[in-house]
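# Inside the fold
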Amino acid sequence: MSPRSSYVTGSVQFKGAAISAARLLWQSVGPLFTRGLPVTVEITVLLLVLGLVLGTVLALVQVYGRRPFRYVCVVYEQVFRGIPPLVTILIFWNGLSQSFHVFLPGVVAAALALGLRSAAYQSQIFRGAIQAVPPGQMMAARALGMGKLQAIRHVILPQAFRLAIPPWSNEYSGVVKDTAFACVIGGLLELTRLGMTSLTRLSMTHGIGSQLILPVLLIVGLFYLALTYGGNALLALLERRLRIPGFEMKGKVER
Amino acid sequence: MAAGTRTGPSDVILRVEGLHKRYGKDEVLKGVSLELRRGETKVVIGPSGTGKSTLLRCINQLSVPDKGRVWLEDVEITHARTNINHARAQIGFVFQDFNLFAHLTALDNVTLGLVKVKKMSKKEAVVRARDELARVGLAEKAASYPAELSGGQKQRVSIARALAMDPKLILFDEPTSALDPELIGEVLEVMVQLARGGMTMIVVSHEMGFARAVADRIIFMEGGVILEEGTPAELFTCPRCERTGQFLRKITELYGETNGR
Amino acid sequence: MSYFEFVGMILPRLLRATVVTLELTAIGIGSGFAFGLLLALTRVYAHRVVSGIANVYIQFFRATPLVIQALIIYFGLPPYFKAMGLEPLSPFAAGCVALGLNSAAYQAEYLRGAIQAISSGQMLAARSMGMTKAQAVRSVILPQALRIVLPSWSNELIYTLLYSSVVYFVTLDDLTFVSMKIAAKYGRAFDSYSAAALIYLVIVILLSRVLAYVEAKLRIPGLSVDDRAR
C-alpha cells in the first residue's frame, strides 16, 4: 500500500483522515520495534557491562586499595557524577571527533560516555554492598589460607553482588532513560532519534505532522516504559533465582 | 601432664615467643610466650579483654603482632618471606561467631578451602567434606545454608570446615560464647572427641567443665600476659596465684561446671 | 589560541548561560517539591482511586526519559493548545514545566517513603490529643518526614541541575546549549564542552558541600533513615 493513495482517497472525510493518520502512525511505530529498540538495547547493554566491570574495580580499590589509589577513585566518581549525561555524550561524540579527530562509531561513543558515568554510580553501589558483607567473612576466608584476591573472588563478591541487585536495578532504570540523550548523535537511530526522524519524514512527505507529534512521542515513551519495567522484572527474577536463605535485601527508592 | 610424658623437642608444633600487640593506646599483648606439643590441648582462660582472642589471631597472623615470633614446627610464620597463606592452611581457626560463608551451603563451606587452597578436585573435596560433616554429626545438613542452621550446628560446620583442611592444630576462639546455653553441649561434645582423638588445639573458653575434662594444661591470662600455666589439677585445686583462684571461683559460680563432662 | 585563552574568552558567555541553568534548577526543584508533596500526600492519605491516578502519573514520569517529556511539552502539546486557543510555551517555560513535572514524580516517591517510614504511633498520638488528620500531618508527620527525606532530596537537587541540560532539546540558551553553539561557531567542541562540564562540576561540588552542612545542622538524634533501619 502506498502512503499516498490513502492521502488522496481518504482525505475528504474526517473518518478517512483519521484512518490514514492511524496508518501513518503505524508506519512510524514499526521501525521503532525493528530498528530503534535493538539500538537502544545495544547501547544499554554495552554501557552497563562497561559500568559493571569498571565500577567493580573502582569499588574494590576503594575498599581494599592503598590510599593514593583510593583517592584516584574518589576523584573519578566525583567528576563523572558531576557532569550531565548529555554533556559527556557531546564530549565523546563531537568533542573527540572535532578536536582530536577520533571518530568513534555512534553506539560506541554513547556507550562509552554513559558507561564511564554509570561506573561512577555502580562503584558506589558495589562499595556499599562489599562493606555490607560482614568482616568475619574475609577473616574466615583468610584463616583457611586463601589469598586476599581469592577471598574477594570466592567469598566477598558472590555475596556483595547478590546484595547489589536491588540498587543495581535502579541504576538500570536510570541508564535506560539516559540513552535517550544519545539522540544528539547523528545517524544513531535509537528510539528517541528514530521517533524524531519519523516525525520529520511524516510532515515532509504527507504535510501532516504537528498533531501526530504527541502520539508518536507517547509511543516512544511507552517503549522506554516497557524497557524499564521489563528489565526490572528480569532483574527481580534473577534476584529470586539467586536468592539464598539469610540474604535479606532492602529495596530503596533511588533515581 | 599426659602430653609431657611423651614429648621430645621435635614434638613441639607451635612456639610463640614474646608477642606484643597494641591497638592504638591499648597494649593488648605484653609479651606472651607459649609452646604447644603434638596432641596437646591447651585451654586459655581469663577475664574478658585480656588479649586471649588477640593472642589466637596473632598466631595465624590475622592480626599482625607488633613484636615477637611464631613458629609452626620449624617454619617461622612471622618471617616476612614465609607464605602466610600456606601456613594458615595448616592452622585451623574456629571463630566465636562462626563466620560461615553466608552464600554457600554447609557442604560448600567445607569444600571451598579444599578446592581453592588445597587445589583438590571438586569430587574429592565433596567426599572429604561429607566425611567431616558426618564426623560432627551433620551429614544430613549438607545442603542447608548457614541461615537455616542453629547456632550449635553452624559452629559444628565451622569445625568441620577447619578439620577438612587437615590442620596441624586448631585454634578455637571462644567457640561457645555466642551460643544459647542449650546448644553449647553439642559443640563441646565434638571438641571433647577431637581432644581425645589426639588433635592439637588451643581453646579460648570460659567452659571450666570442658577445661577440667580435656585440657592438658590451662593458661590463665590477664592484662596481656600469662599469669599462670599448669595442669587442671594444679590450677583448680591449689592456685599459686591469688588472681587465678579468684577468677576460677567466680567463673564457676557464673557458668557452673555442668557442661562438657 | 591555547585552551585556557579560549576558555577565558568564552567564559563570560558560559557564565551568563549558567545563570539560566541555575534558574531552571531552582524553579524545577521548587515546583517539583510543591507538586511532589501534593502527590505524596495523595498517595498516602487520599482515596484509592485518586491515589491510583497519582501513582500512574508518578510511574509514567519515572519510567520515561526526561528528553521525551520535554519534547512532548514543547513540541507535542502546542498543536492541541493552539486548537484550544492557547499560546504555546516559551522554551524557558517549557523547560521549567518539564523539570518540575519530572522532579515532582521523583520527590513524591522519596516523600511517600519518608511519610510511611514514620511509625503509625505518631499519627495515633497526635489524633489522641484531639488533632485533626490534617493538623497531625502538618505538625507531626511532615516535620519528621522532611528531615528524613533530606539526603534523597539533596540527591534530587543535584540530579535536577544535571538534567536541566535537557532544555538543549527545546533550544533554550542554558549552559549546555550555549556550549554547543560555541563549539559549532569555533569548531572547538572538546574545549567548549569540557569548560561547560567543569562549571557543572564546580556547582555540584559546592552544592554537595552546602547540602551536607544543612543536613548536619538539621539532624535530630534518632531520626534518620539509618536509625530506622536498625
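Details of the structure are given in the entry above.
Residues numbered from 1 in each chain as written. Chains lettered and ligands numbered in written order. Predicted model: local features only at pLDDT ≥ 70, side-chain atom pairs only at ≥ 80, totals over all residues. Heavy atoms only, no water.

### Here we look at the overall build of chain C
Assigned secondary structure in chain C consists of ten helices and zero strands. Evaluated residue by residue, chain C yields a buried proportion of 50% over its 230 residues. Across chain C, every contact between residues at least 6 apart in sequence was considered, and the portion connecting residues at least 24 apart equals 77%. Each charge sign in chain C was given a centre, from 19 positive and 11 negative side chains, and these centres are 9 Å apart. (Helix = DSSP H or I, 4+ residues; strand = E, 2+ residues; numbered from the N terminus. Buried < 20%, exposed > 50% of the residue type's maximum accessible area, 1.4 Å probe, protein only. Contact = heavy atoms within 4.5 Å. Lys, Arg positive; Asp, Glu negative; His and termini not counted. Charge placed at Lys NZ, Arg CZ, Asp CG, Glu CD.)

### Observations regarding the arrangement of the chains
The top pair by number of contacts, from a total of two pairs of chains in contact, is chains A and C. The two partners chain B and chain C share no contact, and the minimum distance between any of their C-alpha atoms is 19 Å.

### Section: the interface of chain A and chain C
In this complex, chain A contributes 42 residues to the contact, which on the side of chain C involves 42 residues. Summing both sides of the interface, chain A and chain C together bury roughly 3,900 Å²; the carbon and sulfur share of this comes to 71%. Across the contact surface, chain A and chain C share zero salt bridges. At the boundary of chain A with chain C, the tally comes to twelve residue pairs in polar contact (both at pLDDT 80 or more). (Buried area = accessible area lost by both parts, 1.4 Å probe. Salt bridge = Lys/Arg side-chain N within 4 Å of Asp/Glu carboxyl O. Polar contact = N/O pair within 3.5 Å; in protein donor to acceptor, adjacent residues only side chain to side chain.)

### Some thoughts on a nonpolar patch on the surface
Residue and element names in this part refer to chain A. Together, Val41, Val45, Val49, Leu52, Val53, Val57 and Phe161 make up an exposed nonpolar region whose accessible area comes to about 520 Å². At six residues, helix α2 (residues 14-64) tops the list of elements feeding residues into the nonpolar patch. Summarising the element assignment, leucine 52 is placed in helix α2. (Patch = residues over 30% accessible without salt bridge, like charges linked within 9 Å, V, L, I, M, F, W, Y side chains within 5 Å. Areas by Shrake-Rupley, 256 points an atom, 1.4 Å probe, with all protein chains shown as cover.)

### A word on the pairing of strand β10 (residues 225-230) of chain B
All names here are of chain B. Taken together, the five bridges between strand β9 (residues 217-222) and β10 define a ladder with antiparallel strand orientation. Looking across to β10, one finds that methionine 221 is bridged to isoleucine 226. Adjacent in sequence and paired antiparallel, β9 and β10 are bridged by two residues, among which glycine 223 carries a positive phi angle near 60°. (Pairing = 2+ DSSP bridges.)

### Re the interface of chain A and chain B
On the chain B side, the residues contacting the 21 residues of chain A number 24 residues. There are zero salt bridges connecting chain A and chain B. Our count for the chain A to chain B interface comes out at seven residue pairs in polar contact (both at pLDDT 80 or more). Among the secondary structure elements, those contributing two or more residues to the side of chain A that touches chain B are α6 (135-143) and α7 (148-178) of chain A. Examining the composition of the side of chain A that touches chain B, we find that seven residues originate from one element, α6 of chain A, more than from any other. Among the residues forming the side of chain A that touches chain B, the class breakdown is eleven nonpolar, eight polar and two charged. (Nonpolar A, V, L, I, M, F, W, Y, C, P; charged D, E, K, R; others polar.)

### Digging into the packing of α6 of chain A against α7 of chain A
In a packed pair of helices, the relevant descriptors are the angle between the two axes and the axis-to-axis distance. Residues and elements named next belong to chain A. Closest axis-to-axis distance for the α6/α7 pair is 9 Å, and the angle between their directions is 140°. With respect to each other, α6 and α7 are oriented oblique. As for the relative orientation of α6 and α7, their crossing is right-handed in sense. On the side of α6, the interface is formed by Gln137, Met138, Ala141 and Arg142, while α7 contributes Lys148, Ala151, Ile152, Val155, Ile156 and Gln159. Classifying every residue of the contact of α6 with α7 gives six nonpolar, two polar and two charged. (Axes fitted to C-alpha atoms, helices over the stretch in contact; angles between N-to-C directions. Parallel < 35°, antiparallel > 145°, perpendicular 65-115°, else oblique. Left-handed = near helix turned anticlockwise from the far one by under 90°.)

### Thoughts on unusual backbone geometry
The phi angle at histidine 101 of chain A is positive, at roughly 55°, despite the residue not being glycine. In this fold, histidine 101 of chain A is placed in the loop between α4 (85-100) and α5 (106-132).

### Regarding the packing of aromatic side chains
The description of two aromatic rings rests on the distance between their centres and on the angle between their planes. For the structure on display, the rule yields 18 aromatic pairs over all chains. Residues phenylalanine 126 of chain A and phenylalanine 161 of chain A carry aromatic rings whose centres are separated by 5.3 Å and whose planes lie at 85° to one another, so their mutual orientation is edge-to-face. One end of the pair, phenylalanine 126 of chain A, is in helix α5; the other, phenylalanine 161 of chain A, is in helix α7, with 35 residues separating them in the sequence. By relative accessible area, phenylalanine 126 of chain A is classed as buried at 3%. Between tyrosine 168 of chain C and phenylalanine 177 of chain C the ring centres are 5.5 Å apart and the planes differ by 90°, which places this aromatic pair in the edge-to-face class. (Phe/Tyr/Trp six-rings, centres within 6.5 Å; stacked < 30°, edge-to-face > 60°.)

### Considering the pattern of salt bridges
In total, this model carries 20 salt bridges over all chains according to the counting rule given. Arginine 117 of chain A serves as the salt-bridge partner of aspartate 178 of chain A, at 4.0 Å between the closest nitrogen and oxygen. Linking aspartate 178 of chain A in helix α7 with arginine 117 of chain A in helix α5, this pair joins segments that are 61 residues apart in sequence. Taking relative accessible area as the criterion, arginine 117 of chain A reaches 2% and is therefore assigned buried. Here glutamate 73 of chain B makes a salt bridge to arginine 38 of chain B, at a shortest N to O gap of 3.5 Å. Here the residue glutamate 73 of chain B occupies a position in the loop between β4 (67-72) and β5 (75-76), and arginine 38 of chain B occupies one in the loop between β2 (26-37) and β3 (41-45), the gap between them amounting to 35 residues. For glutamate 73 of chain B, a relative accessible area of 27% translates into the label partly exposed. For arginine 38 of chain B, a relative accessible area of 40% translates into the label partly exposed.

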